[in-house]
Structures are given as C-alpha cells and as structure tokens.
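Examining the three-dimensional arrangement
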Amino acid sequence: MTTCTSTTWARRLALAAGVTLALSSGSALAQEKTLRVAMTAADIPRTLGQPDQGFEGNRFTAIPLHDALTQWDLSKADAPSVLIPGVALSWSVDTKDKTKWVFKLRPGVKFHDGSAFNADAVVWNVRKVLDKTAPQFDASQVGVTASRMPTLRSARKIDDLTVELTTSEPDSFLPINLTNLFMASPAQWDAKLKAVPANVTDPAERAKQAWIAFAADPSGSGPFRVTRFVPRERLELAANKGYWDPKRVPKIDRVVLLPMPEANARTAALLSGQVDWIEAPAPDALPQIQGRGFKVYFNQQPHVWPWQLSFVEGSPWLDKRVRQAANLCVDRVGLLKLLGGMMAVPKGTVPPGHPWWGEPKSDIRYDVPAAQKLMQEAGYSAAKPVKVKVQISASGSGQMQPLPMNEFVQQSLKQCYFDVSFDVIEWNTLFTNWRKGAKDPSANGSNAINVSFSAMDPFFAMVRFTSTKTFPPVSNNWGYFGNAEFDKLIADARTSFDDKQRDAALAKLHARIVEETPFVWIAHDVGPRAMSPRVKNVVQPKSWFIDIATMTMD
C-alpha cells in the first residue's frame, strides 16, 4: 500500500486541474444558490423513475425527483431512519387475506408537468415494471425494481385515492420494499409516446423511445425537477416550489450533479472550489480537507461492505473452514487506519445490540493463528494456497474506496494461505452482474463479488442473499446460498406481522447467517462526505440516503 505525500498530493491536484474546465459552466450558476455535487458514479443515474448506479441513483435522482408510496425519515442524525408515509398516507394488510394491502393516497399531489398523482398513477407505475402487456412496460427498469420487491404482483384502483396491492405470498416486508418504487408521471410519458414518429410501429420499440425521451425530460412529484441533462457529464435540477411537503420545499435554487468516479479528482475539485460537496473523499486527504475549513460528515449506518461468496460447484468457499478462516484473517483495525477512521468494524450484517443480532455462536474477529489452523485442516498452506478470484469495481455507489480496500484485504489474507486475484470492472456493470449470478459468464470465473449493500430492512439485509427463491435473476443471491432451513427461517419472519415477533424471527436468521458465513464481512460504511462550509442544515442520518431538500446555502 502507498501513502500520499504532500508532493504526491500536489501532483494529483495538478492532474485534476482539468476538472476546472469541465465545471466552468457551473460558475454562471454560482450567482444563484447552487449546490454542486461530485458523485462516485461514472455516469448520471437514470432519471426515468427507477435509477441505476446502485443506491447512489436513489440518493441523487430518485429521491429528489420522484416520490414513493413509503419513504425513509432522513431528518434525524441521532436515531436510525424509520419508515414514514410518502405519497401514501397510510397502509394496512387485509386481516383475512394477507396477500392484499390497501394504501390510502395523499390528496393534492402534482407531478412536475401539472398532472395529478392518484390511484391510476400508482397502477400505471406498478405495471411499468411487472406487466409485460402494458404499453408502458420497460424491461430496462425491471431488474432494479423487481429484485427489490419480488413478491409484488399487481395493483388495483379502488377509488382515486385508494389502491390495493397484491403479493404472491404474505409479506410483511412490502411497505419497506416500496420505498424503491418511484412514481413517474403517466401524462408526461404519454406525451413522449405521442411524439414518437409514426413510422415506428412496433409497440415495444415505441415504448422504448418514449422512455428515452422521458429520461431526458422527466416528470416526477419530488422536491426537485430536471432542467438540463447531459449524459456522463452533468444533471441540473431546480427547486420544485410547489412541492406537497412544506418542510421539504427546497431553499436551494439549483443542484448540479457531476459524475466523478476517481476519489482524488473529487477531492481536488472540492479543494479548488469547483464543487461544494463530494462523496467518499480520498482518506489520505481528510486532514487537508478539514484543515482548509471544509466539513466532513459521517455517521454509523446500515451499510455492509463484504465479499459475497459463491456456493456453485467447484467453489473453494464451499468448505466452511475456508469461509471462517477468511473472516478470521482480515485485519479490520488496520483497514480502519487506512481509511482514516471512516468505517466501522463488523461482527455480522447487523451489529451486536441490534434487534436482529441474535447471538451467533461464531465470532468474527482478527485471529491469524486460528485462521491458519482452519486452512491447514482444509488442506492449504503457504506452499499450497487456495486461489480465489473476486469481481470488484474501481468506484461506485457505496463502494467506499474499493481498490485500496480490496488490495489491503488481498495482502491481509495472504498470511492465511489465500492467493487472491481481482476482476476489476465498471461499477454499473458489476451491479448488473450481481443479479446475473456466479453461474453466469459475466462472473468471468470469479467465486466472490464485492458489492456493498444496505441493511436497512430485512429483505435488503438478509433475505435476498439467503433464500432459494432469490437465486438469479430474481434477486441478489449471486452465490446461490440457501437451503430448506433458511427458507423456513425467512418464512417465519416474512409472515410475522407483529414487530416483536418479526424481530425475534429475524434474529434467528441473522445468527445462522453469521454461523454459516456466506460473506467475508470486511467493513461497515459510515458514509463520509465532505462539503463546503457554505452548505448548511446538513443532516447526516443513520441511513444510506441523505435529504438535499432541507439543506440551505449561504
């Protein structure tokens, strides 16, 4: 591993000076209250409702532009984010048929184009990703939607402000999952469809072209609206002063989102005044960032940075001793120092004391002799290491600092007879491969994958990685881990509609996950971001997300 000297840092600043030219058009906007954000993504997350680029897409294009029926409370820094009403005022499950839910909708909500949000709009947005016969069906939005709410099957209008959602089985997780179904304007899409040339007669092609046009000129009901979109370069947003929630009507006039996947380039852009906010600053530059008066925000959050392991035939991870040894051989405290303190040391997917902790019988710790003993029992040694290949990205949403972190883990595991190689690919491709699975050619021979994930809700934290019903391409069980025992534990939790009973069932599930180790748990993120002192009223919640709408600027 290398460190960054003052000379090296100065050279990096000089190399990144080209950022000034790329961002120069932002100077004219600076006369307004304009917030310029450098994202870790290499491209602008999709704007048509269901974003790509992982949860950075939700953070920067979905939540600002669109609303969901339910949403996360991002207003507190000292307590975990909880589920609150979005454009649904309330919801309840049918006491006789727990596959049916009734959602009461918020009156008076308008899309950016002026059309009304109502039950018809909800049904239309459900059909866009679930009903292949719907004119607005968009296969490109299915992967990032259906994999996050796999039991949702249909929606039915009861009246203008009431809708019934049906699931394939009783599923107490549904209201949480619906934070990922974002409402796009049917009227705006219809207008784009009508503008498709008449000589395009294939319905699927007409729908595709309408969605492309919609993405360039989207209409949601969120606190911001799009004013300019340049793919791979910038997305400009303006405040929606007619937003339905008075507490979240933006006081910042404009937001400019810039893809900047390289950490040193982001840091240089902040230090040179070209942006006001950067995600995931370079750890070795944190002292300089803070010494220059910029503020670094971070907080404990439900965000896991692991290696997810393959259980397909021939995988070295099929041997439980190898999985346990890897978890015992990662020097997480050393990694913490590398990151300038910007991580938490994991003991599992959730921390001890969490309602889902469950007191697992095995302990994730740093114990090289114990790891070496397990590896020797499995038939490995310094002369005969086990070869493992991990598919990783160079940047991306929630990926923290993937190259130096993975290189550190590679060296850490070497002392326990692991010969680790990497397949480094672009973040959005990695995220797509995550749904294709370890058996797919896209895995390129990898037997582990490094995709960070949210642990805010039971499905995202545990179920999608351990259920036989979430094998690819249904959801993110990339490694094909699961059996009847885990399916039963999941069913017990999913069918518990009492909070305490559900937590108890989830605690049993989490304990068994830690004991069976389908991951190498490496870090929990704390979401560091650095901002200009001009940016005020910043709440860094205990969440993957953050609310731009309530921020202000001097």
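For the structure, see preceding data.
So, a few notes on the structure that sits alongside this text. (Residues numbered from 1 in each chain as written. Predicted model: local features only at pLDDT ≥ 70, side-chain atom pairs only at ≥ 80, totals over all residues. Heavy atoms only, no water.)

It is worth spelling out the layout of surface pockets at this point. Here the largest pocket defines a volume of roughly 950 Å³. If you trace the largest pocket, you find 32 residues lining it, with Pro-80, Ser-81, His-354, Trp-356 and Met-456 closest to the centre. Where the lining of the largest pocket is concerned, the elements lending two or more residues are helix H7 (174-177) and helix H19 (499-516). Among the elements that make up the lining of the largest pocket, the one with the highest residue count is H19 (four residues). The residue inventory of the lining of the largest pocket, partitioned by class, reads 20 nonpolar, seven polar and five charged. (1 Å grid on protein atoms, 1.4 Å probe; cavity = no way out; pocket = protein on both sides within 12 Å on 5 of 7 lines; lining within 4 Å. Points joined across faces, edges and corners; volume = space filled by probe spheres on them. Helix = DSSP H or I, 4+ residues; strand = E, 2+ residues; numbered from the N terminus. Nonpolar A, V, L, I, M, F, W, Y, C, P; charged D, E, K, R; others polar.)

In this section: helix H10 (residues 263-271). Across the nine residues of H10, nine count as buried, placing the element largely inside the fold. Among all positions in H10, only Ala-263, Asn-264, Ala-265, Arg-266, Thr-267, Ala-268, Ala-269, Leu-270 and Leu-271 are buried. By the N-cap criterion, in which a side-chain oxygen at the helix start approaches the backbone nitrogen of a residue two or three places on, H10 is capped by Glu-262, the distance to Asn-264 being 3.1 Å. Count one or two residues on from H10 and you reach Gly-273, which has phi positive near 80°. (Buried < 20%, exposed > 50% of the residue type's maximum accessible area, 1.4 Å probe, protein only. Polar contact = N/O pair within 3.5 Å; in protein donor to acceptor, adjacent residues only side chain to side chain.)

For the rest of this paragraph, the subject is the environment of Ala-438. Within the element layout of this structure, Ala-438 appears in the loop between helix H16 (427-436) and strand E16 (448-449). According to the relative accessible area criterion, Ala-438 is buried, its value standing at 11%. As a C-alpha pair, Ala-438 and Val-312 span 126 residues in sequence and 7.3 Å in three-dimensional space. The contact partners of Ala-438, leaving out residues within four places of it in the chain, are Ser-310, Val-312, Ala-443, Trp-478, Gly-479 and Tyr-480. (Contact = heavy atoms within 4.5 Å.)

Moving on to the sheet that holds strand E9 (residues 234-239). A sheet is described by the order of its strands in space; here seven strands give the open sequence E8-E9-E10-E1-E11-E19-E12, paired in mixed fashion. Sheet topology places strand E8 (224-230) and strand E12 (295-297) at the edges, where each strand pairs with a single neighbour. Ignoring which end each strand starts from, the neighbouring axes of this sheet average 20° apart. Relative to strand E11 (residues 277-279), strand E1 (residues 34-39) runs parallel, the two being bridged by two bridges. Bridge pairing links Val-37 to Trp-277 in E11. Relative to E11, H10 is tilted by about 165°, and along the sheet it contacts E1, E11 and strand E19 (529-531). (Pairing = 2+ DSSP bridges. Axes fitted to C-alpha atoms, helices over the stretch in contact; angles between N-to-C directions.)

Before going further, it helps to examine helix H17 (residues 458-466). Where burial is concerned, most of H17 is hidden: nine out of the nine residues are buried. Looking only at H17, the buried set comprises Pro-458, Phe-459, Phe-460, Ala-461, Met-462, Val-463, Arg-464, Phe-465 and Thr-466.

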